[in-house]
Amino acid sequence: MKSVKNHLSLVIALLSILFSMQVFFIVDRSIEAYKINLASSYSIIAVSKKQLNSSDILKINKIISHVQELSPDSVIKRLSSDMKNTNVELLKLTLPKFYKLTLAYYPTPQEIKELKSNLFENNSITKVEDFSHTHDTTYKFLLLFKNVVSLFALVVVVVTVLLIFKELRIWQYKHNERMTIMGLFGAALWLRSAVLFRLAIVDALIASFLAFGIFFYFSSHSWVKEQFSNIGISIAIFNPIDDFLAILGVSISISILLASLIVLWHKEEA
Amino acid sequence: MNKVIIAKDLSLSYSSNETIINKANFSISSGNFVFITGASGSGKSTLLKSLFGALKPKQGSLVVGGVELNGVSRSKLNLLRRHIGIVFQDYKLIKEWTIDKNIMLPLLINGYMKSVANAQVDKLLKHVRLNHQSGKYPLELSGGEQQRVAMARALSHNPILILADEPTGNLDDYSSQLIWNLLEGANSQLKTTVIVVTHHIPKNISVEYKHFHIEYGSINEIR
């Protein structure tokens, strides 16, 4: 029972770090997926004095993924009710050309600014409507959400690291005597610290597999999937290979660092 | 006779302003049984600590088993310690390990095969009359029994040198006698050099012994 309790303290600490890490990954992926969704519905309107070639517009900035010339028919229809046919034809020729520019991804406000200035380098383009106010609000909201989650994850990691350091003191006290006695009989450093490293690695493996189980269960849970589909995104909540390797790597690194610190801080008493 | 320990102008201290052993010169030959006596705080245990490298000489030279301990590297010290058996007054047993594993410790460090180590542990447990306690943990044993385990551990790897720091200090007569018998046996039968720090030399000791007395920082050979 005592042994399980000793294992649990490090396993729980490691689990909370892994949990923060995975939550950060999920939020990051969700925001990226949401940005792609926004990019497909977001567009910029460019107004030109004369007809422009789609390929020329595409060359202006690589963020532009698609160009669609907007038909002026609806405007003309509204204005033409009291006009003669010849005047309508004249109006058609004099009306500026409208282009809807679809972007490859959801841009930052800086990228929009850059795109606008690139578009204005073409003398024919007289106006660009970027709907920047709506865009800025959405983008800033996403950034705020990401930053709040990152900050929360960071706080959890910092608090957990402090807890781990407290745990480290207990481990140091527990293992110091055994390491000293082994040293008195000439045990090499690797032999003296073998038990410690074995414990640390076992705890890291337990924490990693527990995290794997928890996230795998949540990622395959219909309620979780439904929540994501409700906001129109589909992401890998937990990638069983890549995410597990990251989790395993982080927890083993933390445990080995912990054990190494104990070995480094070990003072032989006789 | 080969010298196991040679000290020349040896000074020992824990801090720069206080010298506990001052420029001592002595030597101990292989197979000697040596008692080191002195008043409390005279430096007996300090000298013993220096013999297994837990305290580095402040000045002078201290050679143990052919290894100069002044400035010795950790790896060389480890190699030397593998040929020394140490018995402490507070036993220094690993509490989370069974007594069998505690006795086996020097054998495992010296790379003995598990089967050989197990056989040696069985033999030693009988020798210290604790075979009925096999598999128990140190804290389940009395102080005298724990010291007998520590004694068995010190003997397990047939060391060239046994260092004992007041090994019978807290023990009952039965355990004390058993410890003295084991130390005498190791010295007379295996020709192991034995150095014992003690307040009182037992009256019924049956082996030839040397006696050093520490007083005011100097080590005097009395016998």
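1. Concerning the overall build of chain B
Reasoning step 1: Across its full length, chain B holds six helices and ten strands.
Reasoning step 2: Over its C-alpha trace chain B gives a radius of gyration of 17 Å, about what one expects of a compact globule, namely 17 Å for 223 residues.
Reasoning step 3: Once the C-alpha set of chain B is aligned to its principal axes, its extents read approximately 50 × 40 × 35 Å.
Reasoning step 4: Expressed as a percentage of its 223 residues, the buried residues of chain B come to 44%.
Reasoning step 5: Within chain B, contacts between residues at least 6 apart in sequence are counted, and of these 69% link residues at least 24 apart.

2. Some remarks on the overall build of chain A
Reasoning step 1: Of the regular secondary structure elements, chain A holds nine helices and four strands.
Reasoning step 2: Helices and strands in chain A line up, N terminus first, as α-β-α-β-α-α-β-α-β-α-α-α-α.
Reasoning step 3: Relative to a compact globule of 270 residues, whose C-alpha radius of gyration would be 18 Å, chain A shows 30 Å and is clearly more extended.
Reasoning step 4: Dimensions of chain A, computed from the C-alpha atoms along their principal axes, are close to 110 × 40 × 25 Å.
Reasoning step 5: Counting the 270 residues in chain A, one finds 23% classified as buried.
Reasoning step 6: In chain A, 83% of the contacts between residues at least 6 apart in sequence involve partners at least 24 apart.

3. Observations concerning unusual backbone geometry
Peptide bonds are, in most cases, trans, and in most cases residues other than glycine have a negative phi.
Residue and element names in this part refer to chain B.
Reasoning step 1: Even without glycine at this site, Asn158 takes up a positive phi of about 45°.
Reasoning step 2: Its location among the elements puts Asn158 in the loop between α5 (143-155) and β7 (161-165).
Reasoning step 3: Accessibility expressed as a C-beta count within 10 Å gives 14 for Asn158, which makes it partly exposed.
Reasoning step 4: In this model, Glu166 sits at a positive phi of 40°, which is unusual for a non-glycine residue.

4. Describing the sheet that holds strand β2 (residues 64-70) of chain A
All names here are of chain A.
Reasoning step 1: With antiparallel pairing, the four strands of this open sheet are ordered in space as β2-β3-β1-β4. Edge strands, defined here as strands with exactly one partner in the open sheet, are β2 and β4 (125-129). Between one strand and the next, the sheet's axes are offset by a mean angle of 25°, whatever the strand orientation.
Reasoning step 2: Looking at chain direction, strand β1 (residues 43-48) and strand β3 (residues 97-103) are connected through six bridges and run antiparallel. Bridge pairing links Ser43 to Thr102 in β3.
Reasoning step 3: Helix-sheet contacts for helix α5 (residues 109-120) involve β1 and β4, and the interaxial angle to β4 is about 160°.

5. A short note on the nonpolar core
Reasoning step 1: One finds Met151(B) and Leu163(B) to be the most contacted residues of the largest nonpolar core, which totals 70 residues.
Reasoning step 2: Contact partners of Met151(B), with chain neighbours within four places excluded, come to Val87(B), Val128(B), Ile179(B) and Leu182(B).
Reasoning step 3: One finds Ala13(A), Ile26(A), Ile164(A) and Leu199(A) within the second-largest nonpolar core, a separate group that totals 25 residues.

6. Here's the deal with the interface of chain B and chain A
Reasoning step 1: Residue-level contacts link 13 residues of chain B with eleven residues of chain A.
Reasoning step 2: Within the residue set of the side of chain B that touches chain A, elements represented by two or more residues are α2 (74-81) and α3 (99-109) of chain B.
Reasoning step 3: Residue composition of the side of chain B that touches chain A, grouped by class: eight nonpolar, one polar and four charged.

7. Here we look at the environment of Gln189(B)
All names here are of chain B.
Reasoning step 1: Along the chain, Gln189 turns up in helix α6 (residues 173-190).
Reasoning step 2: On the neighbour-count criterion, Gln189 (8 C-beta atoms within 10 Å) is exposed.
Reasoning step 3: Counting along the chain gives 158 residues from Gln189 to Gly31, while the straight-line C-alpha distance between them is 10.0 Å.

8. Some details on the pairing of β7(B)
Residues and elements named next belong to chain B.
Reasoning step 1: Where burial is concerned, most of β7 is hidden: five out of the five residues are buried.
Reasoning step 2: Both faces of β7 are covered, namely the face carrying Leu161, Leu163 and Asp165 and the face carrying Ile162 and Ala164.
Reasoning step 3: With four bridges joining them, strand β6 (residues 84-87) and β7 adopt parallel strand pairing. Looking across to β7, one finds that Ile84 is bridged to Leu161.
Reasoning step 4: Two strands pair when backbone bridges link them, and β7 and strand β8 (residues 193-197) are joined in this way by five bridges, in the parallel orientation. Looking at the pairing, Ile162 lines up with Val194 of β8.

9. Structural notes on the pairing of β8(B)
Residues and elements named next belong to chain B.
Reasoning step 1: Across the five residues of β8, five count as buried, placing the element largely inside the fold.
Reasoning step 2: Of the two faces of β8, both are covered, the one formed by Thr193, Ile195 and Val197 as well as the one formed by Val194 and Val196.
Reasoning step 3: With four bridges connecting them, strand β3 (residues 33-38) and β8 associate as parallel partners. Each bridged residue has a counterpart across the sheet, and for Ile36 the counterpart in β8 is Val197.

10. Re helix α9 (residues 242-265) of chain A
Reasoning step 1: When the terminal C-alpha atoms of α9(A) are compared, their 34 Å separation across 24 residues agrees well with the 34 Å that a helix rising 1.5 Å per residue should span.
Reasoning step 2: Along α9(A), the residues classified as buried are Asp243(A), Ile247(A), Ser251(A), Ile254(A), Ser255(A), Leu258(A), Ala259(A) and Ile262(A).

11. Some thoughts on the confidence of the model for chain B
Reasoning step 1: Chain-level pLDDT for chain B is 93 on average; 100% of the residues reach the 70-or-more range.
Reasoning step 2: In the predicted complex, the global pTM is 0.71; the interface-specific ipTM is 0.91.

12. Some details on the sheet that holds strand β5 (residues 67-68) of chain B
Residue and element names in this part refer to chain B.
Reasoning step 1: The strand order across the open sheet built from four strands is β2-β1-β4-β5, with neighbouring strands paired in antiparallel fashion. With one partner strand each, in any of the chains shown, β2 (21-29) and β5 form the two edges of the open sheet.
Reasoning step 2: As judged from the two bridges shared by strand β4 (residues 59-64) and β5, these two strands associate in the antiparallel manner. Following the sheet pairing, Val64 is matched in β5 by Val67.

13. Side note on the domain arrangement of chain A
Reasoning step 1: Domain assignment breaks chain A into domain 1 (2-37 + 151-265) and domain 2 (43-130).
Reasoning step 2: Placing the centre of domain 1 of chain A and that of domain 2 of chain A at their C-alpha centroids yields a distance of 53 Å.

14. Examining helix α8 (residues 222-230) of chain A
Reasoning step 1: Buried residues are scarce in α8(A), accounting for zero of its nine residues.
Reasoning step 2: Once α8(A) ends, the next one or two residues include Gly232(A), with phi positive near 75°.

Rules used in this analysis
Residues numbered from 1 in each chain as written. Chains lettered and ligands numbered in written order. Predicted model: local features only at pLDDT ≥ 70, side-chain atom pairs only at ≥ 80, totals over all residues. Helix = DSSP H or I, 4+ residues; strand = E, 2+ residues; numbered from the N terminus. Rg over C-alpha atoms; globule rule 2.2 N^0.38 Å. Buried ≥ 20, exposed ≤ 12 C-beta atoms within 10 Å, placed from the backbone. Contact = placed C-beta atoms within 7 Å. Pairing = 2+ DSSP bridges. Axes fitted to C-alpha atoms, helices over the stretch in contact; angles between N-to-C directions. Core = buried A, V, L, I, M, F, W, Y, C linked by C-beta atoms within 7 Å. Nonpolar A, V, L, I, M, F, W, Y, C, P; charged D, E, K, R; others polar. Expected span 1.5 Å × (residues − 1). pLDDT = per-residue confidence, 0-100. Domains from an automatic or database assignment.

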